[in-house]
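# Topology and contacts: notes
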Amino acid sequence: MGKERVLIVDDEPMVLDMVSAYVSHIGFEPVTARTGKEVLERLRNEPFPILVTDIKMPEMDGFELMEKVKSEFPDIHIIAMTGHGASYTFTDVVTAGATDYLNKPFTLDEMMAKLNRVSRERELIRDLKQKSAELGSANEELQRLNNLKSIFVSGVSHELRTPLTVIKEFISLMLDGHGGTLTEDQREYLGIAHKNILRLTNLIDTLLDFSRIESGKGLQLKFESARLTEIVEDASITLSQMLEEKRIEFENRLDPDMPPVLIDRNRLVEVFINLINNAMKFTPAGGKITIDTRGLTESRDYLKVLVGDTGIGIPPEDLPRVFDRFYQAQSTGISMGSGLGLAITKEIIEGHQGLIRAESRLGYGTSFLFTLPLLGANNIFRLIIQPMLVEAEKDGLSFSMIRIKLWDPKMKKDAALSYDSWGSVKYALQKMVRSVDTIVPFPNSLIYIFSFIDGKLAREIGERVEVKLTQGGYLPKGTEVQSKNYSYPLDTGSVEDFLKGCRQLIKTE
Ligand code: ADP
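Of all residues adjacent to the ligand, which total 19 residues, the nearest are Asn278, Lys281, Asp309, Gln328 and Leu342. Taking Lys281, its side chain carries an N or O atom lying 2.8 Å from an oxygen atom of the ligand. A distance of 3.4 Å separates an oxygen atom of the ligand from a polar backbone atom of Gly341. In isolation the ligand offers 540 Å² of accessible surface; the protein chains occlude 97% of this area. Put simply, the parts of the chain that give the shell around the ligand at least two residues each are helix 8 (265-281), helix 9 (341-351) and strand 12 (365-373). Per element, the largest residue contribution to the shell around the ligand is three residues, and it comes from helix 8.

Right, here's the structure in full:
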């Protein structure tokens, strides 16, 4: 490596000669200048790591020079040569940009000490910058690999799913006797195979969910109104055999007459399956799993739900981390899952703008407490209208809300749909609108359809629904069906105006 060059400026030739001699004696290569102007010209032509400058100079003094040099060449190190009995302090010199100073007259040793210190500092900073650049590119590389991993996981999961579905279907066919009569043993073996394929499919679905969440795509929930008891039943049916085998009591204490919730049905079944499945894994035979509610949240539009068990519990130090991805408590030694179940559960609950937390006492049991949105104007607005409108705005789409009202002309009042007939009405509606649309009955005499369509199409669909529902035998004879629609963009008015209008329209019901 060549010698480090030091630019020296002083208006007195004698000082310049002496300092040059020192500098070259110490092992650096001196370059001299007589004025501040000359320094700036030289620096603009070639870089210098270190500048040694006098303070008292005619025309441009050391302070002015340091300021100019620092603003143009921030990386340069400056040593200021200060005079005795001067009107400035060391602090002034450093504030002006000097790394260090030398009080005139100074010895060779003093000069050596300062130059070496500045040179060392320069090396340290250079190393630091290099390390930081290396870290930066290592980080980029990690991010790239992380991305590749997500793409890989998602790709492989998709690939695995197809053959698995085929295997599952054929095993089902055989179990149903389509391949001839089965012996008891054959039925048992196929049953075990079937059960494990279900486990594998669940695992793959979990991985797919996980890569969706990781890629920032989110879970894309489809909200509908539902009864919580039914969702819990769906989940517990899937697990009933295991519950029996493990001799764990299962108690669903939910009141069937509870107000309906506004949720993604399949996702919520998944939440209960995850939580009950975990409770089962970590609860010994003879234990109990309970599903219950804890009333409403303060805002009164969310329901507090509890899934509790009498199992081994979670150590307090592990409790804050159970929702982390890939997390499995070390102490239990039971490892049958992916460690993703609770991470996805949390993601689903948060997708409903709810909260989830765990409470546990080692040796006594664990409770998962979470909140779920009730069917109501606020939540329809928050979970359906607002996000759909944001999406419409972003992608330049139209957005419409179609309101279907059921009216009993004889009784002169709203014709409330029974919960059972709602099922067939929903089926009929679903066949008329696209699968991306959201349909919500609210309460029972009103149905809302939310869709990315413009006002004209919304009106057409509204009319088609009127005809279909009146003539299709879905409703009690004589029931009148009236549709109305509200669409964005408005002829006049902003997104805010539209939202306000939507809010008013739902609120008044
Ligand atoms: P896994 O698929 O491994 O079960 P989860 O995310 O569902 O992953 O759970 C993470 C960890 O949290 C589990 O491995 C277990 O240590 C702990 N855990 C979850 N639920 C319970 C429970 N009901 N009782 C005790 N420990 C639990």
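Attention now moves to the nonpolar core. Within the largest apolar cluster, 74 residues are counted, with the highest numbers of intra-cluster contacts made by Leu228, Phe272, Phe370, Ile380, Ile385, Phe399 and Phe450. Core analysis: the second largest hydrophobic core is formed by 22 residues, Leu40, Leu43, Met60 and Ala98 among them.

Relative to the 20 Å expected for 14 residues at 1.5 Å per residue, helix 1 (residues 13-26) spans 20 Å between its end C-alpha atoms, a close match to the ideal helical length. Taken residue by residue, helix 1 has Val15, Leu16, Val19, Ser20, Tyr22, Val23 and Ile26 as its buried positions. One face of helix 1 carries all of its buried residues, which in axial projection span an arc of 165°. Seen from the open side of helix 1, the exposed residues pointing more than 90 degrees away from its buried face are Met14, Asp17 and His25.

Quick look at the pattern of salt bridges now. Per the stated rule, a full pass over the model turns up 25 salt bridges. Two residues, Glu251 and Lys288, come together in a salt bridge whose shortest N-O distance is 2.8 Å. Highlighted residues: Glu251 in strand 7 (residues 249-252) and Lys288 in strand 9 (residues 288-296), separated in sequence by 37 residues. Arg294 is the partner of Asp292 in a salt bridge, and the nearest nitrogen-oxygen pair spans 3.9 Å. Of the residues examined, Arg294 reaches a relative accessible area of 47% and is grouped as partly exposed. Taken together, the salt bridges that share partners define one network made up of Asp100, Lys114, Arg117 and Glu121.

It is worth spelling out the environment of Arg44 at this point. The residue Arg44 is located in helix 2 (residues 36-45) in this model. A C-alpha to C-alpha distance of 76 Å links Arg44 and Thr283, two positions 239 residues apart in sequence. Ignoring sequence-local partners within four residues, the contact set of Arg44 consists of Glu72 and Phe73. Within the structure, the side chain of Arg44 is placed 2.7 Å from the side chain of Glu72, a separation counted as a polar contact.

Glancing now at the packing of helix 5 (residues 108-175) against helix 6 (residues 184-214). Two elements in contact, helix 5 and helix 6, have axes separated by 8 Å at closest approach and are oriented at 155°. The angle between the axes of helix 5 and helix 6 places the two elements in the roughly antiparallel class. Between helix 5 and helix 6 lies a crossing whose hand is left-handed. Here the contact of helix 5 with helix 6 is composed, by residue class, of 15 nonpolar, ten polar and six charged.

Cut-offs used in this document
Each chain carries its own residue numbering, running from 1 in the written order of its sequence. Restriction of local features to residues with pLDDT of at least 70 applies here, the model being predicted, together with a cutoff of 80 or more for giving and counting side-chain atom pairs; totals for whole chains, interfaces and linings are based on all residues. Water and hydrogen atoms play no part in the side-chain values, which are based on all heavy atoms of the structure. Whether a residue is near a molecule or strand depends on its heavy atoms: if one lies within 4 Å, it is near. Counted as a polar contact is a pair of N or O atoms within 3.5 Å, where, for protein atoms, one must be capable of donating a hydrogen and the other of accepting one, and residues adjacent in sequence contribute only when both atoms are in side chains. Shrake-Rupley sampling with a 1.4 Å probe provides the accessible areas, and residues are treated as covered by the protein chains on show and by no other component. A run of DSSP states H or I qualifies as a helix once it reaches four residues; a run of E qualifies as a strand once it reaches two. Both are numbered from the N-terminal end. To define a nonpolar core, start from buried Ala, Val, Leu, Ile, Met, Phe, Trp, Tyr and Cys residues and group those joined through side-chain atoms within 4.5 Å. When a residue's accessible area, from a 1.4 Å probe over protein chains only, is under 20% of the maximum for its type it is buried; when over 50% it is exposed; and in between it is partly exposed. Take the residue count of a helix, subtract one, and multiply by 1.5 Å to get its expected span. Note: the arc covers the axis-to-C-beta directions of the helix. Any Lys or Arg side-chain nitrogen found within 4 Å of a carboxyl oxygen on Asp or Glu counts as a salt bridge. Note on definitions: a residue-residue contact is assigned when non-hydrogen atoms from the two residues lie within 4.5 Å. Working convention: axes come from line fits to C-alpha atoms, limited for helices to the stretch in contact. Angles between N-to-C directions cover 0 to 180 degrees. Orientation is classified from the angle alone, with under 35 degrees giving roughly parallel, over 145 giving roughly antiparallel, 65 to 115 giving roughly perpendicular, and any other angle giving oblique. Crossing handedness: left-handed means the near helix sits turned counterclockwise from the far one by under a right angle, and right-handed means the same turn made clockwise. Only Asp, Glu, Lys and Arg are considered charged in this grouping, and only Ala, Val, Leu, Ile, Met, Phe, Trp, Tyr, Cys and Pro are considered nonpolar; every other residue, Gly among them, is considered polar.

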